[in-house]
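Architecture and fold: a report
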Amino acid sequence: MPSLTNTLIAGLLTLGSACARADIYVIVNKSSPVHSLKQQEVQDLYMGHTHSFSNGDYALCFDLPRDGVAYAAFYRTLTGMSAAQLGSYWARLMFTGQTLPPQHLPSEDEMLAVVGRNPSAIGYLSRQPTDQNVRVVLVLKTPD
Amino acid sequence: MSKKRGGRNLSNADPFAAQAATQHRGLVGIGLISLLGIAASLWGSPAPAAENEGAVRAVQFNGFGTVGSLASEITQPWHFRRDSDQPNDAGGYANMLIDSRIGLQANYMPSPQWELLGQVVAKQREQDTPVSDMLQWAFVSYEPAADLKIRLGRTSPDVFLLADYRDVGFAYPWVRPSVEFYGWFPMHSIDGIDLTKIWAGGAATWRAKALYGYAGSTLPSPPGDDPIKLRAQDFTGVTVSRESNGFTAKLSYAISRVSVSRSAQANQAIQALSPIEMLAPQLPAQVVAEERQLVQQEAPTGAWSRYFGLALAYDHNPWTAQAEASYVSGDIFPEHAIRSYASLGYRIRSFTPFVMASRVWPRSRPLSAPTDWAAALTPLIGAPDAQALQQVGTLSAIDINATLQNQRSVALGLRWDFSARTALKLQWDYYHVYANGAGLWGDGTTAAAYANIFSATIDFVF
């Protein structure tokens, strides 16, 4: 009996952590020479600090919808910033003519399709892609 | 800036005007030619290939705005202003015109290296301000390498931390940037060129920028007089900033030849004082020196001004802190000052309560009213005329002293981000203005005063 209880508890814990942990998969096109990225590199690209990968190739950043769960999880893990803080941050960069924010795509399906077609693209998804046209270069573990 | 004097007669008052105008047209011309060149090259270029999808961005429109109102309680009959280029009585209905504004921006990126950008800002300005001043940015930018950027056209006088986004309320916590620090700074954009170099040093990102150009501004004058034209020629600056882990430091230095046009009122005062110049050899040196100082301050022409700025900012949840200090030197009386502010905010979910303290210390001494002019002049021109000249000198000194800036303030406020693109801000400011320090206020005098300003704004981006 105790062993059954333990099994149940262990099962529930596993299930619980699986639900809370929504990993974010950062992807590039399969033909990109980039095979892995550090969190800092992804942050530099998505916060407009740089427009290119470390090998000098131009990087084209794509974003998910601002009101989505994946968007919030991605930026909270990457920068610790909320959607409102990001809005404020980009207002400064955009309206001073420094740089434009990443382009928003309407859905994860669209993200998969665009990155799959575009050798310079970088994007992110809330699920591990099975598509052969993209490559995962970083998995961001979101805080529980 | 010297709001008491109005402006006209640029041709005779300002020896640099003609040269500046030529230079100005030259730079605008270069900008236009570049724009035409890019447009022409795009005309013939094929549609972007599928693999370049997203690399060529269609024209993108974005905007920002503020709707706000304030209530003021001032112990003198002055008017609160946010910027020195607002009219003396800038409030409008329910004081809504002081902080309300709207900006619209268009970006076009024909390729990853090239960008065209234009931004217009509509806000309360002095009545006779040329419509072209609404054009905040209009430049072409080129990135020959990922870490190098050149911009040509109407860009920013980027010498202080908020110099190029003072109007974008959504980008900062307060209702408005520190009036003591930014309220006097009349340059909102410069026509010229800038060059930015970015490099990484360990975990930090370094940014160095050099800029050169011309800036102009229209400032208010007394009723019936023409507005004052301020010109900053050969505006040359260097800034270096370092950013790491939410910590930013920025150091800047700029110089410019600043001239202020003569108003009819200033011309009258200068003419009235001219007998002293004619009688100079027969007068005590002090009388002549005092007269020359008054004339110089009535309409400064082509004096070199120097701007030093140091900014520190820290933004790491839940804290946000910022402080700046500047020193401006030069022959222009009200400009010459030390300015600083410090601000601290703490984020609690979508609420950010904040405090800010500001101070401006003038480095120009108030002019004392001429004391012995009448005595020195009576033997030469007779008592009535000598008395009259004494009177002109006294009024002129009072007028100039009313443009000095000497005040401090504290602000307490709350920003509430009730959506990702809209924020409500409430703020209370308490100002203490010292005698001969009301230069930042509309219709300011030489008196001291206290003021309470209660403001509410909604800031948004779209």
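One can find the structure itself at the top, above this paragraph.
As the structure is a prediction and not an experimental result, all values here were calculated from the model. (Residues numbered from 1 in each chain as written. Chains lettered and ligands numbered in written order. Predicted model: local features only at pLDDT ≥ 70, side-chain atom pairs only at ≥ 80, totals over all residues.)

1. Notes on the overall build of chain A
In terms of helices and strands, chain A carries 5 helices and 5 strands. Its helices and strands taken in sequence order, chain A reads α-β-α-β-α-α-β-α-β-β from the N to the C terminus. Buried positions account for 34% of the 144 residues belonging to chain A. Partitioning the contacts of chain A with sequence separation of at least 6, the portion at a separation of at least 24 is 72%. (Helix = DSSP H or I, 4+ residues; strand = E, 2+ residues; numbered from the N terminus. Buried ≥ 20, exposed ≤ 12 C-beta atoms within 10 Å, placed from the backbone. Contact = placed C-beta atoms within 7 Å.)

2. Thoughts on the environment of Gly 92 of chain B
All names here are of chain B. Structurally, Gly 92 is set in the loop between β1 (57-74) and β2 (101-109). On the basis of neighbour counts, which here come to 13 C-beta atoms within 10 Å, the residue Gly 92 falls in the partly exposed class. Remark: the alpha-carbon pair of Gly 92 and Leu 380, spanning 288 residues in sequence, is separated by 51 Å. Beyond its immediate chain neighbours, meaning those up to four positions away, Gly 92 contacts Leu 97 and Gln 124.

3. Let's talk about the interface of chain B and chain A
Between chain B and chain A, the residue contacts involve 29 residues of the former and 28 residues of the latter. Taken together, the elements giving at least two residues each to the side of chain B that touches chain A come down to β1, β2, β3 (114-123) and β4 (135-145) of chain B. Element by element, the count of residues in the side of chain B that touches chain A is highest for β2 of chain B, at 3 residues. Split by residue class, the side of chain B that touches chain A holds 14 nonpolar, 10 polar and 5 charged. (Nonpolar A, V, L, I, M, F, W, Y, C, P; charged D, E, K, R; others polar.)

4. Examining unusual backbone geometry
All names here are of chain B. Omega for the bond connecting Asn 317 with Pro 318 falls within 30 degrees of zero, at 0 degrees, which places this linkage in the cis form. In this structure, Pro 318 sits in the loop between β10 (303-316) and β11 (319-329). The residue Asp 234 is not glycine, and still its phi comes out positive at about 50 degrees. Given 18 C-beta atoms within a 10 Å radius, Asp 234 is considered partly exposed. Even without a glycine there, the phi angle at Arg 349 is positive, about 50 degrees. Here Arg 349 is to be found in the loop between β12 (337-346) and β13 (351-362).

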